[in-house]
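Per-entry structural report
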Amino acid sequence: MVNVLTMYMPLLRGLLKLVGVRPQAVEIEPGTVLRFWIPSDDQTTSNASKKPNKPAVVFVHGFELDGILTWQFQVLALARDYAVYVPDLLFFGESITDRTERKVVFQAECVAKGLKKLGVEKCTLVGMSYGGMVGFKMAEMYPDLVESMVVSCTAMVMTESISRACLKRIGFSSWPEYLMPDAVKGVKEMLRIATYKLPWLPDFVHRSILEVMFGNRKERLELLDELIVSDKDFTVPHFTQKIHLLWGRDDIIFNMEEACNLKDQLEGKATLQYIGNAGHLAQSERPFAYNKHLKNILASLHDGGRRKQQ
């Protein structure tokens, strides 16, 4: 049977082309290439004066699908008013490396270098789940690049204590057990936990997700092996950015208690908004509500003549 996600991608590419977004492979260094989705009028090699005169917004995906499948509804809604950039993290989509590094810090370094090669000097970073952790590391390491952040259903760092609490809530003993299913049944359970109310989908859709998500199982497992950090080794960084937390109220992985703890860690530097009837995948489950919140946040950050969305 034909993979439905493979069939869907040409349609999505066509829609993205209509709103002015195209794919671009960026060599970070020999052996390391990141695939970005970038503004079609982006000029990366010449005549920088023609670069799009819009605020840059960078979307960083989680540990489920690649960048554009994760953020498609947000990109289609925002591309007219913002210069949108969507990377595939290493070992997702078409991004690869021959390096052995698997830590979050290496993902952050590669995305930052890729953005700089694309001529992005400042941006608002929007990250969810694993992508939120990459985003926090980018904000810590590159404060001149990451001007502000919007993060959803994530943690600053996956410490041992946060990891234990999350796994206990979802009833799994490890992240590979939850995030790396090897059968349709596991994909169904993964999505059930990640959503407030999972709609019925035929098995061939779950099978398509299984085929697309886990082609490089070895490398994904290595990423998960390097994800968790000892509590005693973690110190909350000093962030200079404006940070907005945008949560699925019914997320059971990173629940509202985790959201409030994260807000407290940021010591008054963050706002917290939530979306009802939305789980971990709030941006996909309730895209219109998510986009409304996100547009209002972005308007408040880039209010150079923009009116706040009604």
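Residues numbered from 1 in each chain as written. Predicted model: local features only at pLDDT ≥ 70, side-chain atom pairs only at ≥ 80, totals over all residues. Heavy atoms only, no water.

By the naming in an unreviewed UniProt entry, the protein is epoxide hydrolase 4-LIKE, taken from Salix purpurea.

**Quick notes on the overall build of the protein**
Across its full length, the protein carries 12 helices and 9 strands. Over its C-alpha atoms the protein spans a radius of gyration of 18 Å, differing by no more than 12% from the 19 Å that the globule rule assigns to 310 residues. Counting only C-alpha atoms, the protein reaches 50 × 50 × 45 Å along its principal axes. Residues counted as buried form 53% of the 310 residues belonging to the protein. Sequence-distant contacts in the protein: of pairs separated by 6 or more residues, those separated by 24 or more amount to 71%. Both charge centroids of the protein, one from 38 positive and one from 36 negative side chains, sit 6 Å from each other. (Helix = DSSP H or I, 4+ residues; strand = E, 2+ residues; numbered from the N terminus. Rg over C-alpha atoms; globule rule 2.2 N^0.38 Å. Buried < 20%, exposed > 50% of the residue type's maximum accessible area, 1.4 Å probe, protein only. Contact = heavy atoms within 4.5 Å. Lys, Arg positive; Asp, Glu negative; His and termini not counted. Charge placed at Lys NZ, Arg CZ, Asp CG, Glu CD.)

**Side note on the packing of aromatic side chains**
Tallied over the entire structure, the rule returns 8 aromatic pairs. Considering the side-chain rings of F59 and W71, the 5.1 Å spacing of their centres and the 45 degrees angle between planes classify their relative orientation as tilted. Placement of F59 in strand 3 (residues 56-60) and of W71 in helix 2 (residues 67-78) is noted, with a sequence separation of 12 residues between them. The burial state of F59 is the same as that of W71; both residues are buried. Judged by centre distance (6.4 Å) and plane angle (40 degrees), the ring pair of F92 and Y130 falls under tilted. Of this pair, F92 sits in the loop between strand 4 (83-87) and strand 5 (96-97) while Y130 sits in helix 4 (residues 130-141), and the two are 38 residues apart along the sequence. Clustering of aromatic rings is evident, with ring pairs tying together F59, W71 and Y290. Its end group placed over the ring of F63, R220 keeps NZ or CZ at 5.9 Å from the ring centre. (Phe/Tyr/Trp six-rings, centres within 6.5 Å; stacked < 30°, edge-to-face > 60°. Lys NZ or Arg CZ within 6 Å of the ring centre and 35° of its normal.)

**Some words on the UniProt feature "domain: AB hydrolase-1" (unreviewed entry) in the protein**
Annotation from UniProt places "domain: AB hydrolase-1" (unreviewed entry) at residues 55-161. Along residues 55-161 the backbone is 37% helical and 23% strand, and the end-to-end C-alpha distance reaches 37 Å. (UniProt positions renumbered as here; feature names shortened; annotations may be inferred.)

**A short note on helix 4**
Owing to its 3.6 residues per turn, the α-helix brings residues three or four apart onto one side. Along its 12 residues, helix 4 runs 17 Å from first to last C-alpha, staying within 8% of the 16 Å computed at 1.5 Å per residue. Within helix 4, 9 of the 12 residues are buried, which leaves the element mostly enclosed by the surrounding structure. Here helix 4 has its buried residues at Y130, G131, G132, M133, V134, G135, F136, M138 and A139. (Expected span 1.5 Å × (residues − 1).)

**Examining a nonpolar patch on the surface**
Taken together, the side chains of L11, L15, L18 and V19 present a nonpolar region at the surface, about 370 Å² in accessible area. A relative accessible area of 73% means that L18 is categorised as exposed. (Patch = residues over 30% accessible without salt bridge, like charges linked within 9 Å, V, L, I, M, F, W, Y side chains within 5 Å. Areas by Shrake-Rupley, 256 points an atom, 1.4 Å probe, with all protein chains shown as cover. Salt bridge = Lys/Arg side-chain N within 4 Å of Asp/Glu carboxyl O.)

**With respect to the packing of helix 7 (residues 184-194) against helix 8 (residues 203-213)**
Two quantities define a packed helix pair, namely the angle between the helix axes and the distance between the axes. Where helix 7 meets helix 8, the axes come as close as 9 Å, and the angle between the chain directions of the two elements is 90 degrees. On the basis of their axis angle, the class for helix 7 and helix 8 is roughly perpendicular. In this structure, helix 7 uses V184, V187, K188, M190 and L191 to contact helix 8, whose residues at the interface are D203, H206, R207, I209, L210 and M213. Residues belonging to the contact of helix 7 with helix 8 are distributed by class as follows: 7 nonpolar, 1 polar and 3 charged. (Axes fitted to C-alpha atoms, helices over the stretch in contact; angles between N-to-C directions. Parallel < 35°, antiparallel > 145°, perpendicular 65-115°, else oblique. Nonpolar A, V, L, I, M, F, W, Y, C, P; charged D, E, K, R; others polar.)

**Re the nonpolar core**
Residues F59, M138, W175 and Y178 are the most contacted members of the largest nonpolar core, which totals 107 residues. If you tally residues by element for this core, the top one is helix 3 (residues 104-117), at 7 residues. (Core = buried A, V, L, I, M, F, W, Y, C linked by side-chain atoms within 4.5 Å.)

**Concerning helix 10 (residues 256-265)**
When we look at burial in helix 10, the residues that qualify are M256, E258, A259 and L262. Buried residues in helix 10, looked at end-on, bunch into an arc of 155 degrees, giving them a common side. Projecting away from the buried face of helix 10 at angles above 90 degrees are the exposed residues E257 and D264. The inward-facing, buried residues of helix 10 abut helix 4, helix 5 (160-170), strand 8 (242-248) and strand 9 (270-275). E267 occupies a position one or two residues after helix 10 and carries a positive phi of about 50 degrees. (Arc of directions from axis to C-beta.)

**Comments concerning the pairing of strand 9**
In this structure, strand 8 lies alongside strand 9, joined through 6 bridges in parallel fashion. If you follow I243 over to strand 9, its bridge partner there is A270. Chirality of the crossover, the property in question, places the unit of strand 8, helix 10 and strand 9 among those that are right-handed. (Pairing = 2+ DSSP bridges. Right-handed = clockwise from strand over helix to strand, strands pointing away.)

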